[in-house]
Structures are given as C-alpha cells and as structure tokens.
Amino acid sequence: LFLSRAGGRPTLATRESVYGALMSGRFPILYIAEADAEAAVLSSGVLAYLVDSLPQADFTIVGSAASAPLFADTPRLSNLIVMDRTGRFDWIALW
C-alpha cells in the first residue's frame, strides 16, 4: 500500500512489489525479531508486508525462545533460529 495523490486528493493504491522486475530471482531475507513476544507481535506487520510484497523471497528469522515460535508458520520460511541472549554481541554468531 502506498499513498498517491490523484487530482490533489490522497488515495490508497497498491502495487505488486516495491522492487519491480529488479528482483526477479530467489533471494534471502534475514528478519531479526524482537526478543519479547509482545514486541515481536507488534513488529510482525513488517514481516507480513515483506512476505506479501516479495513473493520471490525466502526468509530466515532470528528470535528468542519466547518470540521465535510466533513465526514458525511464516510462508517461505527457510530457517528459524532461536538465540538466547547472553552478551552484547551475540548477533555476531549469525555470521
């Protein structure tokens, strides 16, 4: 969804993908979810938008033990990583 101005009036319109034909092949997206389950639910709209607008994308989702199960049914989920945070730079282990 995006806002367009038709005749000076704002209207909602849809488009297939924000990236168009530039991203025609399969590609991965790394989504790092909030550790808190409630915050992860609030931010899951971003993931839902990516799933809907990028049908050629595969998703790897990183979350905590509390938030990761919320994303188990994500379409085109290739990997679900559960990380328990113990230090400041735990995310470096993803590399």
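Further up the page is the structure itself.
Parameters and conventions
Residues numbered from 1 in each chain as written. Predicted model: local features only at pLDDT ≥ 70, side-chain atom pairs only at ≥ 80, totals over all residues. Heavy atoms only, no water. Salt bridge = Lys/Arg side-chain N within 4 Å of Asp/Glu carboxyl O. Helix = DSSP H or I, 4+ residues; strand = E, 2+ residues; numbered from the N terminus. Buried < 20%, exposed > 50% of the residue type's maximum accessible area, 1.4 Å probe, protein only. Core = buried A, V, L, I, M, F, W, Y, C linked by side-chain atoms within 4.5 Å. Expected span 1.5 Å × (residues − 1). Bend = angle between axes of the 7 residues up to and from the residue. Contact = heavy atoms within 4.5 Å. Pairing = 2+ DSSP bridges. Axes fitted to C-alpha atoms, helices over the stretch in contact; angles between N-to-C directions.

S.K.: I'm lost on the pattern of salt bridges in this one. Help?
M.R.: When the charged atoms of two side chains lie near each other, side chains of opposite charge can form a pair. Summed over the entire model, instances satisfying the criterion amount to one salt bridge. For Asp 58, the salt bridge identified is with Arg 26, shortest N-O distance 3.1 Å. Remark: Arg 26 occurs in the loop between β2 (9-13) and β3 (27-32) and Asp 58 occurs in strand β4 (residues 57-63); sequence separation between them is 32 residues.

S.K.: I'm lost on unusual backbone geometry in this one. Help?
M.R.: Across residues other than glycine, the phi torsion is negative in most instances, and most of the peptide bonds are trans. In this structure, Arg 76 takes a positive phi of about 60° despite not being glycine. In this fold, Arg 76 is placed in the loop between β4 and β5 (77-82). Here Arg 76 falls in the partly exposed class, since its relative accessible area comes to 25%.

S.K.: What am I meant to see in the nonpolar core here?
M.R.: Considering soluble globular proteins, one finds that nonpolar side chains tend to be buried as a cluster. In terms of nonpolar packing, the biggest core is built from 13 residues, with Ile 29, Tyr 31, Leu 47, Leu 54, Ala 57, Phe 59 and Phe 71 touching the most fellow members. Top contributing element to this core by residue count: helix α1 (residues 37-53), with four residues.

S.K.: Explain α1 to me, please; I cannot follow it from the model alone.
M.R.: Because the α-helix completes a turn every 3.6 residues, residues three or four places apart line up on one side. Its 17 residues place the ends of α1 24 Å apart at the C-alpha level, agreeing with the 24 Å of an ideal helix rising 1.5 Å per residue. Of all the bends in α1, the largest measures some 40° and sits at Ser 43. Of the residues making up α1, those classed as buried are Ala 40, Leu 47, Leu 50, Val 51 and Ser 53. Looking at the buried positions of α1, the neighbouring elements they touch are β3 and β4.

S.K.: Is there a simple way to explain the sheet that holds β5 in this structure?
M.R.: Adjacent strands of a sheet pair through backbone hydrogen bonds, lying either parallel or antiparallel. The sheet built from three strands is open, its strands ordered β3-β4-β5 with parallel pairing. The sheet is open, and its two edges are formed by β3 and β5, each paired on a single side. The sheet shows a mean angle of 15° between the axes of neighbouring strands, taken without regard to direction. Set on the sheet, α1 makes contact with β3 and β4; between it and β3 the angle comes to about 175°.

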